[in-house]
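The lines below spell out each chain.
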Amino acid sequence: MLLILLAYLGGALTILSPCILPVLPFVFARTGQPFVRSGLPMLAGMALTFALVATLAAVGGGWVVQANQYGRWLAMALMAFFGLTLMLPHLADRLTKPLVALGDKLSSKAQASDAAAGDGAWSGARASFLLGIATGLLWAPCAGPVLGLVLTGAALNGASAGTTLLLLAYAAGAATSLALALLIGGKVFSAMKRSLGAGEWIRRGLGVAMLGGVAAIASGLDTGLLTRVSTVATAGLEQKLIDKLSPRDPQGDALRGSGAMMAGGAMRGGSGSGSDGDGADGSGAMMAGGAMMSRTAMTGKGPAMMAMHGAAPADDTLPVEGKLPPLTGAVDWLNSAPLTAAQLKGKVVLVDFWTYSCINCLRTMPYVKAWAEKYRDQGLVVIGVHAPEFAFERDVGNVRKAIKDLGITYPVAVDNDYAIWRAFGNQYWPAHYFIDAKGQIRHHHFGEGEYAQSEQVIQQLLEEAGRKDVANTVVSAEDAKGVQQAADMGQVASPETYLGYERARNFASPEGQAADKPRSYTAPSQPALNQWGLAGNWLSQPDQVTLNQGMGRIVYRFHARDLHLVLGPGKDGKPVRFRVTIDGAAPGASHGTDIGADGSGTITGQRLYQLVRQSGSIADRIFSIEFLDPGVQAYAFTFG
């Protein structure tokens, strides 16, 4: 009930958002007519159509988006027709003559009780409802925090009556505020008509406004400039609503108190947003156990509130946790033809949920690869399920390159639509599910660590399947290098930090972070621990910051052995040169694997870059990275 109220209030706030401007002319076109049979059916059609289309778009994939696009063009044509008839009454008379003639014939055959007011009222209501359907197809509300939570939940958890109800509540809130505007506007217009005799000019003005709204929507203004302005206008109010109405989660608070933090954007654009990930904002949390948790996990739904890893049973019995779900819905399979649960019967299976820019996933990779190699001939099948966090991780070419660079040879399902993710009810990166030869899930582990225990689970399941001479030794990856080397968590005092404005924390540049518009920034001179800032002209977007022109810098005061930054070149793909300093000097022996001792490096692809690995004592340091070319995209800091 609380979520429904939150969605309703979030929808009501859309009247304050410039994103509503393109559809206002369609609403005010019904002024001067009885509200019950004109304004109300139109708003009802708008709300129902928006809720239906948004539900399908959140869970249905690309075909819904394409179908809705065709619907939008048809609706725009209909709106342009209405606008022309308001502007040019003679054209309206000419175009509607056939309809009038048909109406006369039908009326003559109708019963007397259906004629006059009753039939006219029903006809007017139907016309208004049709106008509302068209408006619902055209309306593109700004995805503020409230709508973002609703759409992310839909993308993660699939279609449900609850999802549609929340979207309907959001649309009802918007319809309520529009109804008030319509009632007030109608009185104003009526007064103008009486006092000025301006009815014909008002009619033509509304026609011009409707055509202007069609032009704005056709040009993408409703989802471009107005979206950027609207984010600033209403996001703060919506976030305050969320903070006030959302119940605090004691367990979530405890996890955050132990060093956990909100992270993710896990499903940004899960319906086609990434986000990326996208996706669909599906923020997540970085847990002390080294796992990323999506925001839906924090709500207490699904398996999210399990322990951070599968606790070892008191004896050698591994309980049955469920059945291996279908592995359908992946957009592609790499290193293998698509696999099914039926094909895997008789095999012991390890399913590894990961994404290639996740530092926690990268640090578990040496063990997963070693298990796949060691037990392959004894019946173990390892399947990687790549579920993207950022938009660039949806690019199959990027995933294919990452697999090659990481030396992954086992099958990988590219789960861009989170179909397999949802089938498992998963909430974490990395997440390991252990399935026996009967197709039963017998164990799970979230995050890094406890590798020996996980390998012993594999050994036990192989023995249960009748395999002989199963090794009882465990692999070690203590010699892993670069980003795959285990973190020194005892020295980590800096949290994962996102740079895009939706999840940015501790931003210290004096200008303040501007949403979706270029701004010249000044780096903080003395940032406190875990504060960061920008220097130069940057564009801050929901999940990234982009250097617009010239050179620019990012500074961060951190405390950890390792510092990583997720980076990518500009849209043109040209390499971007950069230079790193630590406390104002070249890193020397403390350089990461992606830079030289002098701090120089080049961004050639969208991935995680290791920039610092301190060789001496660990203390608070001021990290600075100066980009010598424009266009660079920066996403998130991680530490180890």
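Use the structure listed above.
A. The arrangement of the overall build of the protein chain in detail. Along the protein chain, the regular secondary structure elements total 16 helices and 21 strands. Taking all 640 residues of the protein chain together, 51% fall into the buried category. When the accessible surface of the protein chain is split by element, carbon and sulfur atoms take 59% of a total near 27300 Å².

B. Up close: the side chain of Glu-496. Locating Glu-496 in the fold gives a position in the loop between α16 (451-464) and β12 (497-498). Nearest to the buried, unbridged Glu-496 among oppositely charged side chains is Arg-503, at 7.6 Å. A polar contact of 3.4 Å, which involves the side chain of Glu-496, links it to the side chain of Tyr-498.

C. Representation of helix α13 (residues 359-374). Compared with the 22 Å implied by 1.5 Å per residue over 16 residues, the 24 Å span of α13 between its first and last C-alpha is a close match. A maximum bend of about 40° is found in α13 at Met-365, where proline Pro-366 lies one to four positions downstream. Most of α13 sits out of view: twelve of its 16 residues are buried.

D. Focus on the pattern of salt bridges. Tallied over the full model, the rule gives 13 salt bridges. Connected through salt bridges with shared partners, the residues Asp-436, Arg-442 and Glu-464 form a single ionic network.

E. Inspection of α16 at higher detail. Taking 1.5 Å of rise per residue, the 14 residues of α16 would be expected to cover 20 Å, and the 20 Å separating its terminal C-alpha atoms lies within 8% of that figure. Here α16 has its buried residues at Tyr-451, Ser-454, Glu-455, Val-457, Ile-458, Gln-459, Leu-461 and Leu-462. The elements touched by buried residues of α16 are β6 (348-354), α13, β7 (380-386), β10 (431-435) and β11 (440-446). Residue Gly-466 follows α16 closely and has a positive phi angle near 90°.

F. Quick peek at the side chain of Glu-393. Here Glu-393 is to be found in the loop between β7 and α14 (396-406). For the buried Glu-393, which has no salt bridge, the nearest side chain bearing the opposite charge is Arg-394, at an N-O separation of 8.3 Å. Within polar-contact distance, the side chain of Glu-393 engages the backbone nitrogen of Glu-389 at 2.8 Å. Of the polar contacts made by the side chain of Glu-393, one reaches the backbone nitrogen of Phe-390; its length is 2.8 Å. With residues near it in sequence (within four places) discarded, Glu-393 still touches Thr-355, Tyr-356, Ser-357, Cys-358, His-386, Pro-388, Val-399 and Asn-416.

G. Quick peek at unusual backbone geometry. At the junction of Trp-429 and Pro-430, the peptide bond is cis and its omega measures out at -20° in the coordinates. Looking at the element boundaries, Pro-430 is found in the loop between β9 (428-429) and β10. For Asn-530, which is not glycine, the phi dihedral falls at a positive 75°. Residue placement: Asn-530 occurs in the loop between β13 (518-521) and β14 (532-541).

H. Fine view of the packing of aromatic side chains. Under the counting rule described, the total for this entry stands at 24 aromatic pairs. Look at Phe-390 and Tyr-635: their rings are 5.1 Å apart centre to centre, the planes differ by 55°, and that puts the pair in the tilted class. One end of the pair, Phe-390, is in the loop between β7 and α14; the other, Tyr-635, is in strand β21 (residues 633-639), with 245 residues separating them in the sequence. For the pair shown, Phe-390 and Tyr-635 are each scored as buried. Judged by centre distance (6.0 Å) and plane angle (75°), the rings of Trp-538 and Phe-627 are edge-to-face. Within this pair, whereas Trp-538 is found in strand β14, its partner Phe-627 is found in strand β20 (residues 621-627), the two being separated by 89 residues in sequence.

I. Broad picture of the nonpolar core. Judged by nonpolar contacts, the single largest core of 66 residues is most densely connected at Phe-353, Trp-354, Trp-371, Ile-383, Phe-424 and Tyr-433. Considering every element that reaches this core, the biggest residue donor is α13, with eight residues. Every residue in contact with Trp-371, bar those within four places of it in the chain, is listed here: Leu-350, Arg-376, Leu-380, Tyr-451, Ser-454, Glu-455, Ile-458 and Val-475.

J. Here's a closer look at the sheet that holds β11. Ordered in space as β4-β11-β10-β6-β7-β8-β5, the seven strands form an open sheet in which the pairing is mixed. Each edge of the open sheet is held by one strand with a lone partner, namely β4 (322-323) and β5 (332-334). Running at roughly 160° to β6, α13 makes contact with β6, β7 and β10 of the sheet.

K. Summary view of a nonpolar patch on the surface. Side chains of Leu-48, Phe-129, Leu-165 and Leu-168 sit close together on the surface and give an oily, nonpolar patch of about 320 Å² of accessible area. Secondary-structure assignment places Leu-48 in helix α3 (residues 35-60).

L. Here's a closer look at the pairing of β6. Taking burial as the measure, the seven residues of β6 include seven buried ones, the bulk of the element. Both faces of β6 are covered, namely the face carrying Val-348, Leu-350, Asp-352 and Trp-354 and the face carrying Val-349, Val-351 and Phe-353. As judged from the seven bridges shared by β6 and β7, these two strands associate in the parallel manner. Within β7, the position partnered with Trp-354 by the bridge is His-386. Taken together, β6, α13 and β7 form a β-α-β motif whose crossover is right-handed. In terms of strand pairing, β6 meets β10 through five bridges, oriented antiparallel. Pairing of Val-349 across the sheet is with Ile-435, part of β10.

M. Spotlight on the environment of Leu-461. Within the element layout of this structure, Leu-461 appears in helix α16. The class of Leu-461 is buried, set by a relative accessible area of 1%. When the C-alpha atoms of Leu-461 and Asp-436 are compared, they prove to be 5.7 Å apart, with 25 residues separating the residues in sequence. Leave out the neighbours within four places in its chain, and Leu-461 touches Leu-318, Val-348, Phe-434, Ile-435, Asp-436 and Arg-442.

N. Fine view of the pairing of β11. In terms of burial, β11 is largely enclosed, as seven of its seven residues are buried. Relative to β11, β10 is paired through five bridges, and the arrangement is antiparallel. Bridging from a neighbouring strand, Ala-431 pairs with Phe-446 of β11. The loop that links β10 with its antiparallel partner β11 comprises four residues; one of these, Gly-439, has a positive phi angle of about 85°.

What counts as what
- The numbers attached to residues start from 1 for each chain and follow its sequence in the written order.
- The predicted nature of this model means local features are confined to residues of pLDDT at least 70 and side-chain atom pairs, given and counted, to a pLDDT of 80 or more, with totals for whole chains, interfaces and linings taken over all residues.
- Note that the side-chain values use all heavy atoms of the structure and ignore hydrogens as well as water.
- We count a stretch as a helix when DSSP gives it H or I for four or more residues in a row; a strand needs E for two or more, and each element gets its number in order from the N terminus.
- Throughout, exposure labels follow a simple rule: accessible area from a 1.4 Å probe, protein chains only, divided by the maximum for the residue type, with under 20% read as buried, over 50% as exposed, and the rest as partly exposed.
- Using a 1.4 Å probe, accessible areas were evaluated by the Shrake-Rupley method; residue-level cover was limited to the displayed protein chains.
- His is not counted, nor are the chain ends; Lys and Arg add positive charge and Asp and Glu add negative charge.
- Here, a salt bridge means any Lys or Arg side-chain nitrogen found within 4 Å of an Asp or Glu carboxyl oxygen.
- In protein, a polar contact requires one atom able to donate a hydrogen and another able to accept it; more generally it is a pair of N or O atoms within 3.5 Å, and residues adjacent in sequence count only if both atoms are side-chain atoms.
- Given the number of residues in a helix, its expected span is that number minus one, multiplied by 1.5 Å.
- Axes are fitted to the seven residues ending at a residue and to the seven starting at it; the angle between these axes is taken as the bend at that residue.
- The contact criterion used throughout is that any non-hydrogen atoms of two residues lie within 4.5 Å.
- Aromatic rings from Phe, Tyr and Trp, with only the six-membered ring used for Trp, were paired whenever their centres fell within 6.5 Å, and each pair was classed as stacked if the ring planes differed by under 30 degrees, edge-to-face if by over 60, and tilted otherwise.
- As used in this record, nonpolar core signifies buried Ala, Val, Leu, Ile, Met, Phe, Trp, Tyr and Cys residues forming a set joined through side-chain atoms within 4.5 Å.
- In short, DSSP must find at least two bridges between two strands for them to pair.
- For helices, the fitted axis covers only the stretch in contact; all axes are lines through C-alpha atoms, and the angles between them, taken along N-to-C directions, range from 0 to 180 degrees.
- Patch membership requires over 30% relative accessible area and the absence of a salt bridge. Like charges are linked within 9 Å, and nonpolar side chains (Val, Leu, Ile, Met, Phe, Trp, Tyr) within 5 Å.
- Here the term right-handed applies to a crossover when the path leading from its first strand over the helix to its second strand runs clockwise, the strands being oriented away from the viewer.

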